Structures are given as C-alpha cells and as structure tokens.
Amino acid sequence: MPLMQSWLDSANDPASDFPLNNLPYGVFSQTGEGRRCGVAIGACVLDVAALETAGLISLSAGALLQQGRWNPLMAAGPAVWAELRATLTALLQAGSGKEAQVRPHLVALDEVRLHMPFDVAEYTDFYAGRQHAFNVGIMFRGPENALPPNWLHIPIGYNGRASTVVVSGTDFHRPSGQLKAPDADMPSFGPSRRLDIELEMGAIVGAGSAMGARVSVAEADAMIFGYVLLNDWSARDIQAWEYQPLGPFQAKAFATTISPWIVTRAALEPFRVAAPAREKPLLPYLKEPGPMLYDIALEVAMQPAGSDQVTTLSRTNARELYYSAAQQLAHHSSSGCAMRSGDLLGSGTISGPDKDSYGSLLEMTWGGKEPLTLADGSVRSFIEDGDTLTLRGHAQGDGYRIGFGDCTGTVLPAA
Ligand code: MN
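A few points on the structure. (Residues numbered from 1 in each chain as written. Predicted model: local features only at pLDDT ≥ 70, side-chain atom pairs only at ≥ 80, totals over all residues. Heavy atoms only, no water.)

### What about the environment of Phe404?
In this structure, Phe404 sits in the loop between strand E26 (401-403) and strand E27 (407-412). Look at Phe404 and you get buried, because its relative accessible area is 0%. Separated by 12 residues in sequence, Phe404 and Arg392 have C-alpha atoms that sit 7.0 Å apart. Sequence-distant contacts of Phe404, that is, excluding residues within four places in its chain, are made with Met201, Tyr227, Val228, Leu229, Ser259, Pro260, Trp261, Val263, Leu268, Ile296, Gly393 and His394. (Helix = DSSP H or I, 4+ residues; strand = E, 2+ residues; numbered from the N terminus. Buried < 20%, exposed > 50% of the residue type's maximum accessible area, 1.4 Å probe, protein only. Contact = heavy atoms within 4.5 Å.)

### Brief notes about the pairing of strand E21 (residues 311-317)
Counting buried positions along E21 gives 5 out of 7 residues, so the element sits mostly inside the fold. Sheet analysis places strand E20 (residues 297-303) next to E21, joined by 6 bridges and oriented antiparallel. Opposite Val300, over in E21, you have Ser314 as the bridge partner. (Pairing = 2+ DSSP bridges.)

### Let's talk about the sheet that holds strand E5 (residues 113-115)
Pairing in this open sheet of 5 strands is antiparallel, and the strands run E4-E3-E2-E1-E5 from one edge to the other. Only two strands of the sheet have a single partner each, and these edge strands are strand E4 (106-108) and E5. Each strand of the sheet is rotated relative to its neighbour by a mean of 45°, with strand direction disregarded. Examined bridge by bridge, strand E2 (residues 36-41) and strand E3 (residues 44-47) share 4 bridges and lie antiparallel to one another. Looking across to E3, one finds that Gly38 is bridged to Asp47. (Axes fitted to C-alpha atoms, helices over the stretch in contact; angles between N-to-C directions.)

### Considerations on the side chain of Ser96
For Ser96, the position within the fold is in the loop between helix H3 (78-92) and helix H4 (99-102). If sequence neighbours within four positions are ignored, Ser96 has contacts with Trp7, Ala90 and Leu91.

### Some words on the packing of aromatic side chains
Scanning the model with the defined rule gives 12 aromatic pairs in all. Ring centres of Trp151 and Tyr322 lie 5.2 Å apart, and the angle between their planes is 45°; on these two criteria the pair is classed as tilted. Linking Trp151 in the loop between helix H5 (130-141) and strand E7 (157-159) with Tyr322 in the loop between E21 and helix H9 (325-332), this pair joins segments that are 171 residues apart in sequence. The exposure classification of Trp151 matches that of Tyr322, with both residues buried. Joined through ring pairs, the aromatic side chains of Tyr25, Trp70, Trp81 and Phe225 make up one cluster. Sitting over the ring of Tyr323, Arg278 keeps its end group 5.8 Å from the ring centre. (Phe/Tyr/Trp six-rings, centres within 6.5 Å; stacked < 30°, edge-to-face > 60°. Lys NZ or Arg CZ within 6 Å of the ring centre and 35° of its normal.)

### Details of the nonpolar core
When a protein is soluble and globular, its nonpolar side chains tend to lie buried together. Judged by nonpolar contacts, the single largest core of 73 residues is most densely connected at Met201, Tyr227, Trp233, Leu268, Ile296, Leu313 and Ile383. Filtering out sequence-adjacent residues up to four positions away, Tyr227 remains in contact with Met201, Gly202, Ala203, Trp261, Ile262, Val263, Leu268, Tyr294, Ala325 and Phe404. Counting residues in hydrophobic clusters, the runner-up holds 44 residues, among them Ile41, Val80, Leu230 and Ile258. (Core = buried A, V, L, I, M, F, W, Y, C linked by side-chain atoms within 4.5 Å.)

### Considerations on the pairing of strand E25 (residues 388-396)
Burial analysis of E25 places 7 of its 9 residues in the buried class, the great majority of the element. Across 4 bridges, the pairing between E25 and E27 is antiparallel. Paired with Thr388 across the bridge in E27 is Thr410. Sheet topology places E25 next to E26; 3 bridges connect them, and they run antiparallel. The partner of Ala395 across the bridge, within E26, is Ile402. Two successive antiparallel strands, E25 and E26, enclose a turn made up of 4 residues, where Gly399 displays a positive phi of approximately 85°.

This is the structure we're talking about:
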C-alpha cells in the first residue's frame, strides 16, 4: 500500500511518523485545559473529542471520545474500531472536501502535553525474545541451562503491575530494594546499582474474554486493539536476589514506560511477517493461522544529564520475537483466565543476534563486564542518575512510515 495523501501537507512528508496511513490514538492537553482524545496526523494532533461534539464523527455505538481516555472505544469492539478509522480517513484524505470544517480542530504537536492514552487494566510481561532469554540465561544460570526447558513450548510470563505503567516523559526515582552480592553473608537495603532498560513492544487488549473461555490464536489476534513501545525498566541486582522461584517482583514493579500513541493493528496490517522457524513443534492451541509478528525497526538511545550528545546504543526489529502477542494472549487465556479490555502485554526484551542489536544494557555490557563508551566519552555499565533513555520504532512502508513516537524517561536519584 502506498502513502495515502492528505490535504494536510505535513502528513505527506515521507519522514513523518504520522501519515494518513497511521492515525494513532493518544490523549493530549493544552495549558489550563483538560485531557482530550486526539489522533496524530503529520505535525498535528486532531482533537477528535471536538469533532465528535461537532457531529463530524458519529459512531453507531454512541459518543465514545469524551472521556480523555480511549477505553470506551477499545471496549466497543473491532467493528466500531473500523468505523472510526474509516471516518477519520474520509475526513483527512486529499479531496475530502472537509478541510474547512476539520482544520480548526488541529493543534500543533509541539504545543500539547501527552498523557496516558488508556487506563491499564492489568499488565503482564512475557519473555518471548529468544536471544534475550538465552543471553540472560547464560549470565544468571550458566550456558548449559541458558534456555529454560519450557521456553520453546510456552510463551512464559509473569503478572506485573498496572499501577506503575507511565507515559513517555514521566521521570522517576531510582528504585531501592534488597541487594545481596554473591559473596555477602546477608542482604542489605539500598538504591539499585544495576538499573537497566528492556526494549519491548506492548500489545493492548481491546476486546476482553470471559472467565473460563479459552481463546484461539486467531481470536486473540482479533482482540488486540493496538501496540505501543514499552520500556520494562529493570533493577538487575534486586532481580538476581529475589527472582527464584516466583520470578521478578520489585525488580520490575517501580516503573514501566509506554510510548504515547496507540498504533492500531489496522495500521500495522501491511507489515505482518511470519515467526521464525519453530525448533520444537508447538501444541495445537499455540499454532498460528498466518503471519502474526510485525516488521518494526526499533532502537535505543541514551543521553547523560547535561550532555547535548545522544548515543544510539542498539538497533533491532520486532520480528526477532519467537512468540507473537496473539500467541501470548491465547496462552494467557488457556487456563480460563479472563482477559480485560485495557490489558497490556509486554512482549519480552527484543534482542537481535549481535551485541549492537541487544535490547538491554545487561546484554550490551555482558553483565557490566564490557562497559559502553558514549558519544560524549562517558562510560556506562548500567544507567546512572540523570540519564535519559529513549526507545524509538517505526514500520517502513513505500514512501511513508508508521511511527510510534518516542518512549522516553529520565532516571532521578534515589528518593
Ligand atoms: Mn520484560
């Protein structure tokens, strides 16, 4: 599919993250005003709450865009999602005849503040990047036990915290917790010294499922509303001491950052790719009926406090995952666990095959043993106070790109 032309010039720039093909959903405010649902288009946000009030958007399910969050639309289901996307496309495309009515509801992106686009119901973090699981396994358990015995059969995960999922641009304090060096007799309590990122995709569940209902992979795919970039900040020293036998707990509970725009499944449809070859056959309930991963270029950048130099640490791609979000969601419901509209599923860290494509500092510096040198000459094993970490991602189309917007956060000193 080529670039869809809009009457808004900035949306037709091949370098824009937000052409008419994208139409991602966010929540914005202007100084002194409340939160409003908006859609990114070119260099602007379209105030869709105002368009609904003006009667230019009229959904069959009623008014869904007035609450300053996207949950009402998400819960309305795929037919209504398609209805809104078709309406927005018709309003914004070149030759629509709607420019005079729509243009007054555009606000420049650089004049707004962005907020959480939806209320997170529950948050589950998976572990579906094979290279990452292998690398971490070597460091935590040794090469002979690197990949856990269940890994090629189950998209493994743990239940995380929805309460500390925050939108890009939300700074937070370095977490403290129990730490214990391997040679220490007793643990101590203090600020993490091995604070890390995890480069992940987040899948957002739109349509839920009932308790006791097992959803197929195809049904799960249709339940997914859209995707964001997700940084699953991790305190490696807290994690190493606490994680056995029940998995991460406080090491990942203090902050999880998502990018501000929900990129819909519809916008990503042209970028579907098949999963890597299966090393072990999957059980029937996990088999995919078609390509369910996406070709999305991803990168991580770091900027120290006071430095004007940004260093790109790593570049990888979402197609490196071994399990898709649809497979994860199908597995999540396999016991009869109810899934809710607004659930967020982290993919797991997405690492490519090489050091410059790894999705965490733990891997890039190999447990801190091989520090990185940044563009300004400073050296890092893990994150230091004042560092700003940014994830970026886009799918590259023919003359256009589907961008996610920055997923960024600055680490403040321990409170
Ligand atoms: Mn994670």
